[in-house]
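Given next are the chains, with one letter for each unit.
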4 protein chains.
Amino acid sequence: MRAVQVVGYHRPVEFADVPDPVVTHPLDAVVRIAGAGICRTDLHILEGELDAAFHPALPYTLGHENAGYVTAVGDAVDGLAVGDPVIVHPAVTCGWCAACRSGATMHCPTWRFPGVDGWGGGYADYMLTSARSLVKLGPRTDPADVAPHADAGLTAIHAIKRLAPFLGPRSTVALIGFGGLGHLAVQLLRIYTTARVVVVDASPERLKWAEAYAPDGVAEDVAGLPPVDAVLDLVGEHGVPQEAFAALRKGGVYAVVGYGGDLRLELLDMINRELTVLGNQIGTHSELAELMTLADQGRIRLETRRFPLDDVAHALAEVAAGRVLGRAVLVP
Amino acid sequence: MRAVQVVGYHRPVEFADVPDPVVTHPLDAVVRIAGAGICRTDLHILEGELDAAFHPALPYTLGHENAGYVTAVGDAVDGLAVGDPVIVHPAVTCGWCAACRSGATMHCPTWRFPGVDGWGGGYADYMLTSARSLVKLGPRTDPADVAPHADAGLTAIHAIKRLAPFLGPRSTVALIGFGGLGHLAVQLLRIYTTARVVVVDASPERLKWAEAYAPDGVAEDVAGLPPVDAVLDLVGEHGVPQEAFAALRKGGVYAVVGYGGDLRLELLDMINRELTVLGNQIGTHSELAELMTLADQGRIRLETRRFPLDDVAHALAEVAAGRVLGRAVLVP
Amino acid sequence: MRAVQVVGYHRPVEFADVPDPVVTHPLDAVVRIAGAGICRTDLHILEGELDAAFHPALPYTLGHENAGYVTAVGDAVDGLAVGDPVIVHPAVTCGWCAACRSGATMHCPTWRFPGVDGWGGGYADYMLTSARSLVKLGPRTDPADVAPHADAGLTAIHAIKRLAPFLGPRSTVALIGFGGLGHLAVQLLRIYTTARVVVVDASPERLKWAEAYAPDGVAEDVAGLPPVDAVLDLVGEHGVPQEAFAALRKGGVYAVVGYGGDLRLELLDMINRELTVLGNQIGTHSELAELMTLADQGRIRLETRRFPLDDVAHALAEVAAGRVLGRAVLVP
Amino acid sequence: MRAVQVVGYHRPVEFADVPDPVVTHPLDAVVRIAGAGICRTDLHILEGELDAAFHPALPYTLGHENAGYVTAVGDAVDGLAVGDPVIVHPAVTCGWCAACRSGATMHCPTWRFPGVDGWGGGYADYMLTSARSLVKLGPRTDPADVAPHADAGLTAIHAIKRLAPFLGPRSTVALIGFGGLGHLAVQLLRIYTTARVVVVDASPERLKWAEAYAPDGVAEDVAGLPPVDAVLDLVGEHGVPQEAFAALRKGGVYAVVGYGGDLRLELLDMINRELTVLGNQIGTHSELAELMTLADQGRIRLETRRFPLDDVAHALAEVAAGRVLGRAVLVP
C-alpha cells in the first residue's frame, strides 16, 4: 500500500510502498483510512522537534488524526465489525494498567503513539491499531469529515473539561491562537463552560474568521485585555506563554496545549496570585466518544479542506504557510 | 471438581461434581480458589430474595468473594501468568462499553455476576472469570486472607469514596451495622475521610468488638444520637433505614449498602433538609486494586474465620446465626 | 404601607396597613419592592401545608421572590447605596456560622425565610432584609422582570449545578413539570450541562409552550420514555415521583425540587441500579449572583405576567388555576 | 502598647510605643495577643523581598500568625464576646465580594494582610482586625499553642486539600522542606490524603526529626528518589523547584508553598508529562476553622518554642539560623 513517511529531519516526506498491515494480536484492528488530518505536530516532527521526546526509528509513516473503516479485527474484539466507520484514538494502550483501568488511557506507561513514535500512522491506505483505540461513528458521519477530531478536537475537549471547574458565567477565558484547533476549542468552551470567551490571534484574517464563531470579543494581543480568569494557550511559543500568564487575574488558570516555547514562573507570584498551570496531553477514549456524540448531534462544526493523499507535499506546504483555515485532511 | 450449588430456594446447598472450567475466549482466566468469602448475600440468595433481580437458572455454584491462583489465561491477556496470586473482582465486564471505558465497570450493561446471576462462583475448586476481573496480589499476601475484600471491602471502599466529599473534620458519620463489612468500613472511613465515626449496632457483643477499632463512640440505637451529617447503613432492613434517615442533620447524606427493607422519603422534608441518598453497588476494578494496596501496606485489617469447603453447611449456619465476628472464608 | 398577609389557613389573603420597615441592625437593609413573584409555595402556605415545617405566627406578609430598590442600609454595609436596584435572596442568614462561611448560606442553622416563616415578605410596598441577602442588579435590568429568579430561578440553578457532574453529551434528562420554574430549568440545563433534555408535562398546552424552548423532545408521560440518566422533578406529587424514579437507568439520579408527595425506595433496587436521590433547597447567594449575570448577559429568558399588588387576589386565582404560563409578578 | 516594627529593610526590628487599637467599624475586633508566630516571611519582609508585592508604608508592626483573647468587638458582630479565645485568620476581607461570598476569602480583591502589607500585625500587645477574621477556640486550647496555625498550618491545609484529589494509596508525595510548616504538612498529608509521604530535607538533623513523624521514608535529595506523583515544595528556592519538578511522574503535580526562586516550564514537557502546577496562597476561614477542630481533637501536633516579646531580636536570630525545630512563638 501507499504510505507517506518521514525519512529524515529537515527533509520532505517520501512515498513508500509498504505491506498492508495485518492482525496478529487478538485485540488488533486494521482500518482503511478515509481521512488523515494534518496537525502542526507533523511539521514539528519533520523539523526533528519531537525526536528527543519520542526518538522514533526512521523511516516511519506520519499521521495521528485518522478515521476510516474497519477491515479486520482480532478474535478478542467485541462490538466492532468489518465495514464499521470509526475514528482512531491516537494512543494505543494496554488496557491492563492502573491508568487504562481508570479510563485515563493516555497515561498508560506502555502507550504507543502511531504516526509520532515510529509506529506507522494514517498517511497511508491502511493502518494497524488496537481495537481498544477505535470509536464507532454514527451512520450519518463521514469519517473524513471528523478525522481531525482524533487529535485536535480530542486535545481541546480534554483541556477544556479540565479547565471547566474553574469557570462560571462571571469568568472570562482568553483563547489564544485561532486555527484548526482553535475553532473547535471556542465551540467546546461554549458547550462545556459558562464563561465568556475572548479570542486572541495576531492575524487579522484569523480574527475575522473567529467572529463567525460568535465569541464575546476578539483581540490581537492578550496584553491589551483586562485581567482574565483563564488562558487557553494553543500557541505555546513566540513569547505568547509569558505574556498570557501575566494577563491572569488572582486565582487564574493557565491551560496549555500549544508547545515549543517555555514559561518562567516566579514562585512568589504563583503564590500571591494563587495561580494554576495545567499541561494537557491528548484526551481519553471516553472523551473522544463524547466528542463524536457532539459531532453526531450537530453541536460542533469542524471546517476542513481536503487534499488527495498523493498531494501530501502541497497540503503540508499549505498548512506550513498558514493558508488553511480549519484543518487539512488527506483523503484517498 | 467440587462445587457447592444452590439447587432450589429454602433448601440447603448441595455438592456437585462439575467439569473443571477451561479458557475459551482470549480474555478468559481460570483461577484455583484459595479462599471464598461467605457474604450475607449468599444467605439472601438461598432464601430466593435475589431471584427477581437476577433470575438465575438453577442449579449454579455460589461464591462472589474469591481469591486464588491463576491456572490458565486466554491469549489476549497481558501481565498475568499462571501461578500469579489474584483477587477476583465480582463482576465480569465487557471492556468496550462507555461504563467500562470510563472505569465504572460495574455499570457495564452486559455485566455478569458469578456466584449470583447463575454464572458459577467460587464455592468450588476452580472458577472461570475474565482476566479483566483480576487484581494481582503482592507476594506477601495470602489470597485466603483477602478474599472477602472482593465484595465486602470493595463495596465499603466504593460507598465511602462516594461519601467522602460530603465530610470533613467537623462531620459525624453513624456507621450502622458492625459485622464483616462494618469492621472494614470503619477502617476505611478513617482512611478516606476526616469525619468522626460513631458505630451503631443493636448487639452489645458487636459493640464491644467495635471498640477495638477505636471509633469515636458506639451506640445501640441511632435514634439516641445527636443529629449526624451522614449515615452509612450496612443493615438496610428491620426499620433501620427510616430511623437512620430521621437522624440526619440539614444537608445530610444517607449512604446505603445493606438491603432488604425500604425507605420512604417525604419530598418536602428532602427539600427542607436538602438531603442526599446514595445507593451503592460494588466498586470498580480500580477501587479493588486500591484496596489491595492498602491491604498490602498493612493499613487495613480483615478478621476472618476459615472453614474447609467441605464444611460449607456448618459455615453457612454459623454466619446465619451471627456467630462469626469478621468474615467467614471457605478454603480448600 | 400596604402589605398582603396570610391571616389564617384556607382563607383568602388580606390587605393590612403596617408600619414601614426601618433599619435597626448595622447589617439591615430596606428594599422598596418593584416586583414580587408569586410562587406555588404561596398557595401551599395558604393551605397550611408549610405550617408544620415553619410554624409561622399569623398574620404575616407573604412574598419570597422579591426585587426592588434599596432605600436604607445599616452602617456596617459596604458596596450598596440607597437607590441601587437589587434582587433579594430569599434567606436571611447570619454570616458567622460554618455554612455561611463556606458559601452554603441556605444551610445556616439560624436562617430566616421572609414571606414563609413569619418574617414579613415582599407582597408589600417595602420589606426589611439583611444587606447580606441582596444582589445588586445591572443598570439595564428592571427589578420587576427578574424578581421570580429569587426563588424559581435560584432553586433551578442550584439543583442543576448539583446534577451537572452526573451528566454528559450522551446523557438524557427528563425535566418533569413545565411551568414558571420549568421554563427556567430547561434553559439552565442547556447552559450548565451538555445533556439532552426531554420535557415531560401532562398538559398539552404546556408541552406546546415547551417546544418554543427547543428541547430535544417532549412527552406527556415519563413512563413512555426509554430509561433516562436523570430526572429533574419539579412536580413532586400526584404519583409523579415514583413513576419518574422507575424511569432511571442504572447509575441514574433523581433530583427533586417539587414537593407535596413522597417516594418509596426499595433498598435492593437502590443498590442494584446504584441510584442517587438529591433533595434541593434554594441556592446560595453566589448562585443568585451568577444567575443575575446570566440574565444580564441575555442568556436566560424569564416570561412574566404582571399584576398590580392591589389585584393580588386575582393574581393568586390565575396562578392556582394554572392560567399563567411563566411567572406572575406583583408590581406596585 | 508595645509593638515590634519593621522600620527599614536590611535593618533590625525596633520597639515602638503605639496607641492601643480601638474598634471604629461595626465589624471590627480587637485581640489581646497571647501568641504571635514567627514565619520565614517575616525574615523575607525585613530583607525587603515583599516590598514589590505589597509596598507597605514603613514603619509598621510585624506578625501575621496571631492568637489571643477578644477585648472589644463592633456592634454588628455576632457570636463573639469579650474574653473569647481566638485565632486570627491572616486576611482581613470585605465579606461582600464574589470571593468572600463563595468562601474563598483570600481572593477578596480588597483584602488586607496585617503584619505584611502595612496594617499592624501581632508582634504587639494588641491588634485590630475584622471580627470576620476570627475563629473561636475550644476551651481546652491555649491560644499561644496554636498561633502558628494561623499561617503555617493554614497554608499547609489549604495546599494539601487542593492536592488531595490527585492522590490515592498508590501515590507517593515528596514533601520538601521539613521545618515548622513541614511538620504540620506531613501530618495533614496523612489526614487528608491516602498517599505515601517521603520527606526530603538537605539537613540530616531535620531528617532525623522527621522520622518521629513516621513518614514512609526520608531522603536528602529529591533527585535520588524514584519518580513521584506529587511534590509539595515548602522550600521554593535554591534550585529545589526545578529539581523537584523533574522528579514528577507522568500526570504529576507540583504544589508550591515556598517561594523566593523560580521554575522554568518547557511546554512540550508540560504536555507530554501532562503536569499540573498549583500555586498556594493562605487558606480560607473555613479551612482555619477545620484545622482548629483537628487541633482540638488532638489529631495534629504543633511543636513550638516560646520567646517573650521583649526577646524578639533573639527569637528572629534563632529562626534565621535554623535553630528552631518547629515554630517560634512570641508571648507577652
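In this text the structure is predicted, and so the values were computed from the model without any measurement.

Caption draft 1: Structural view of the sheet that holds strand S1 (residues 2–6) of chain D. All names here are of chain D. The antiparallel open sheet is built from three strands, whose spatial order is S2-S1-S4. The open sheet terminates on both sides in strands that have one partner only, identified here as strand S2 (14–17) and strand S4 (60–61). Inspection of the sheet shows S1 paired to S4 by two bridges, in the antiparallel sense. Bridged to Val6 within S4 is Tyr60.

Caption draft 2: Quick peek at the pattern of salt bridges. Under the definition given, this model contains 67 salt bridges over all chains. The salt bridge partner of Arg112(B) is Asp117(B), with a shortest N-O separation of 2.8 Å. Residue classification places Arg112(B) among the partly exposed residues on the basis of a relative accessible area of 33%. In the salt-bridge network here, residues are joined through shared partners; they are Arg2(A), Asp125(A) and Asp310(A).

Caption draft 3: Structural detail: the relation of the copies chain B and chain C. Screw-axis analysis of chain B against chain C gives a translation of 0.0 Å along the axis, an RMSD of 0.0 Å, and a rotation angle of 180°. Expressed as an axis order, the relation between the two copies is that of a two-fold axis. Interface overlap between copies is the fraction of interface residues in one copy that are interface residues in the other; for chain B against chain C it reaches 100%, indicating a shared surface.

Caption draft 4: Summary view of the relation of the copies chain A and chain D. The operation relating chain A to chain D is a screw motion whose rotation component is 180°, with 0.0 Å of axial translation and a residual RMSD of 0.0 Å. When you check the interface residues of chain A against chain D, 100% turn up at the interface there too, and the contact is symmetric in its surfaces.

Caption draft 5: Expanded view of helix H11 (residues 312–320) of chain B. All names here are of chain B. Within H11, the full set of buried residues consists of Val312, Ala315, Leu316, Glu318 and Val319. The buried side chains of H11 occupy one side of the element, clustering within an arc of 160° when seen end-on. In this structure, the buried residues of H11 make contact with strand S1 (2–6), strand S2 (14–17), helix H1 (40–46), strand S16 (304–308) and strand S17 (327–331). Gly322, located one to two residues past H11, shows a positive phi value of around 70°.

Caption draft 6: The arrangement of the packing of aromatic side chains in detail. Scanning all chains against the criterion turns up 28 aromatic pairs over all chains. Residues Phe54(D) and Phe113(D) carry aromatic rings whose centres are separated by 5.7 Å and whose planes lie at 75° to one another, so their mutual orientation is edge-to-face. Remark: Phe113(D) occurs in the loop between helix H3 (98–102) and strand S7 (126–130) and Phe54(D) occurs in helix H2 (residues 51–54); sequence separation between them is 59 residues. As far as burial versus exposure is concerned, Phe54(D) and Phe113(D) are alike and both buried. Chaining the aromatic ring pairs together yields one cluster made of Phe54(A), Trp111(A) and Phe113(A). If you follow Arg273(D) out to its NZ or CZ, it ends over the ring of Phe245(D), 5.4 Å from the centre.

Caption draft 7: Representation of the confidence of the model for chain A in the model. Averaged over all residues, the pLDDT of chain A is 96; the fraction at 70 or higher stands at 100%. ipTM for the predicted complex: 0.96, alongside a pTM of 0.96.

Caption draft 8: Representation of the interface of chain B and chain C. Each partner contributes residues to the interface: chain B has 39 residues there, and chain C has 39 residues. In total, about 3,100 Å² of surface goes out of reach between chain B and chain C, with carbon and sulfur atoms giving 59% of it. Ranking the residues of chain B by area buried against chain C places Leu267(B), Ile271(B) and Glu274(B) at the top, with a combined share of 22%. Counting the contacts that link chain B with chain C gives three salt bridges.

Caption draft 9: Up close: the packing of helix H6 (residues 180–192) of chain D against helix H10 (residues 285–296) of chain D. Residue and element names in this part refer to chain D. Two elements in contact, H6 and H10, have axes whose closest approach is 13 Å; the angle formed by their N-to-C orientations is 95°. Judged by the angle between their axes, H6 and H10 are roughly perpendicular. Of the residues in H10, those in contact with Leu188, Ile191 and Tyr192 of H6 are Glu290, Leu291 and Leu294.

Caption draft 10: Layout of the nonpolar core. Core analysis: the biggest nonpolar cluster contains 472 residues, and Leu232(A), Leu232(B), Leu232(C) and Leu232(D) have the highest contact counts within it. Ignoring any residue separated from it by four or fewer positions in sequence, one finds Leu232(D) in contact with Ala159(D), Ile160(D), Val173(D), Ala174(D), Leu175(D), Ile176(D), Ala185(D), Leu189(D), Ala255(D) and Val257(D).

Caption draft 11: Local environment of the environment of Gly168(A). Residues and elements named next belong to chain A. Note that Gly168 resides in the loop between helix H5 (152–163) and strand S9 (172–176). Taking the C-alpha atoms as reference points, Gly168 and Thr194, separated by 26 residues in sequence, lie 5.2 Å from one another. Once you skip the residues sitting within four places of it in the chain, Gly168 turns out to touch Thr194 and Ala195.

Caption draft 12: Examining the interface of chain A and chain D more closely. Between chain A and chain D, the residue contacts involve 39 residues of the former and 39 residues of the latter. In this structure, the connection of chain A to chain D is made through three salt bridges. The salt bridge involving Asp262(D) is made with Arg264(A); its shortest N-O contact spans 2.4 Å. Counting every contact that joins chain A to chain D gives 19 residue pairs in polar contact (both at pLDDT 80 or more). Elements supplying a minimum of two residues to the side of chain A that touches chain D: helix H2 (51–54), H5, strand S13 (248–256), strand S14 (262–266), helix H9 (267–272) and strand S15 (276–279) of chain A. Note: S15(A) against strand S15 (residues 276–279) of chain D, three bridges, orientation antiparallel. Paired with Thr276(A) across the two strands is Leu278(D), which belongs to S15(D).

Caption draft 13: The domain arrangement of chain A, seen in detail. Residue and element names in this part refer to chain A. With domains assigned, chain A is organised as domain 1 (2–148 + 285–292 + 302–331) and domain 2 (154–279). Look at where the C-alpha atoms of domain 1 and domain 2 centre, and you get two points 27 Å apart. Counting from both sides, the interface comprises 17 residues of domain 1 and, opposite them, 16 residues of domain 2. Overall, the association of domain 1 and domain 2 removes approximately 1,500 Å² of surface from exposure, summing both partners, and the carbon and sulfur fraction of that is 56%. Our count for the contact surface shared by domain 1 and domain 2 stands at one salt bridge. Here Glu290 makes a salt bridge to Lys161, at a shortest N to O gap of 2.8 Å. Where domain 1 meets domain 2, there are eight residue pairs in polar contact (both at pLDDT 80 or more). Of all the elements in the fold, those that place two or more residues in the side of domain 1 that touches domain 2 are helix H1 (40–46) and helix H10 (285–296). With four residues, H10 is the largest single contributor of residues to the side of domain 1 that touches domain 2. Broken down by class, the residue content of the side of domain 1 that touches domain 2 amounts to eight nonpolar, five polar and four charged.

Caption draft 14: Focus on H10(D). The terminal C-alpha atoms of H10(D), which comprises 12 residues, lie 16 Å apart, in line with the 16 Å expected from a rise of 1.5 Å per residue. Of all the 12 residues making up H10(D), 11 are buried; the element is thus mostly covered by neighbouring parts of the structure. Taken as a whole, H10(D) has its buried residues at His285(D), Ser286(D), Glu287(D), Leu288(D), Ala289(D), Glu290(D), Leu291(D), Met292(D), Thr293(D), Leu294(D) and Ala295(D). The inward-facing, buried residues of H10(D) contact helix H3 (98–102) of chain C together with strand S6 (85–88), strand S8 (134–136), helix H4 (143–146), helix H5 (152–163) and H6 of chain D. Just past H10(D), the residue Gly298(D) takes up positive phi, approximately 75°.

Caption draft 15: Quick look at the environment of Asn272(A). If you trace the backbone, Asn272(A) turns up in helix H9. When its relative accessible area of 21% is taken as the criterion, Asn272(A) is described as partly exposed. Remark: the alpha-carbon pair of Asn272(A) and Pro148(A), spanning 124 residues in sequence, is separated by 40 Å. Excluding its chain neighbours within four sequence positions, the residues that come into contact with Asn272(A) are Lys250(A), Ala53(D), Phe54(D) and Gln281(D).

Caption draft 16: Representation of the sheet that holds S2(B). Residues and elements named next belong to chain B. Read from one edge of the open sheet, three strands run S2-S1-S4, paired in antiparallel fashion. In this open sheet, the two edge strands, each paired with only one partner strand, are S2 and strand S4 (60–61). Alignment of S1 against S2, held across four bridges, turns out to be antiparallel. Among the inter-strand pairings, Gln5 is bridged to a residue of S2, identified as Glu14.

Caption draft 17: The arrangement of the pairing of strand S3 (residues 28–37) of chain C in detail. All names here are of chain C. With nine of 10 residues buried, S3 is to be regarded as a mostly interior element. By the bridge criterion, five bridges tie S3 to strand S7 (residues 126–130) in an arrangement that is antiparallel. Bridge pairing links Val31 to Met127 in S7. Note that S3 and strand S5 (residues 66–73) share seven bridges and pair antiparallel. Of the residues in S5, the one forming a bridge with Gly35 is Ala67. Pairing of S3 with strand S17 (residues 327–331), which is carried by two bridges, proceeds in the antiparallel orientation. Bridge assignment links Ala36 to a residue of S17, and that residue is Leu330.

Reading the values: rules and limits
Residues numbered from 1 in each chain as written. Chains lettered and ligands numbered in written order. Predicted model: local features only at pLDDT ≥ 70, side-chain atom pairs only at ≥ 80, totals over all residues. Heavy atoms only, no water. Pairing = 2+ DSSP bridges. Helix = DSSP H or I, 4+ residues; strand = E, 2+ residues; numbered from the N terminus. Salt bridge = Lys/Arg side-chain N within 4 Å of Asp/Glu carboxyl O. Buried < 20%, exposed > 50% of the residue type's maximum accessible area, 1.4 Å probe, protein only. Least-squares fit on C-alpha atoms with pLDDT ≥ 70 in both. Contact = heavy atoms within 4.5 Å. Arc of directions from axis to C-beta. Phe/Tyr/Trp six-rings, centres within 6.5 Å; stacked < 30°, edge-to-face > 60°. Lys NZ or Arg CZ within 6 Å of the ring centre and 35° of its normal. pLDDT = per-residue confidence, 0-100. Buried area = accessible area lost by both parts, 1.4 Å probe. Axes fitted to C-alpha atoms, helices over the stretch in contact; angles between N-to-C directions. Parallel < 35°, antiparallel > 145°, perpendicular 65-115°, else oblique. Core = buried A, V, L, I, M, F, W, Y, C linked by side-chain atoms within 4.5 Å. Polar contact = N/O pair within 3.5 Å; in protein donor to acceptor, adjacent residues only side chain to side chain. Domains from an automatic or database assignment. Nonpolar A, V, L, I, M, F, W, Y, C, P; charged D, E, K, R; others polar. Expected span 1.5 Å × (residues − 1).

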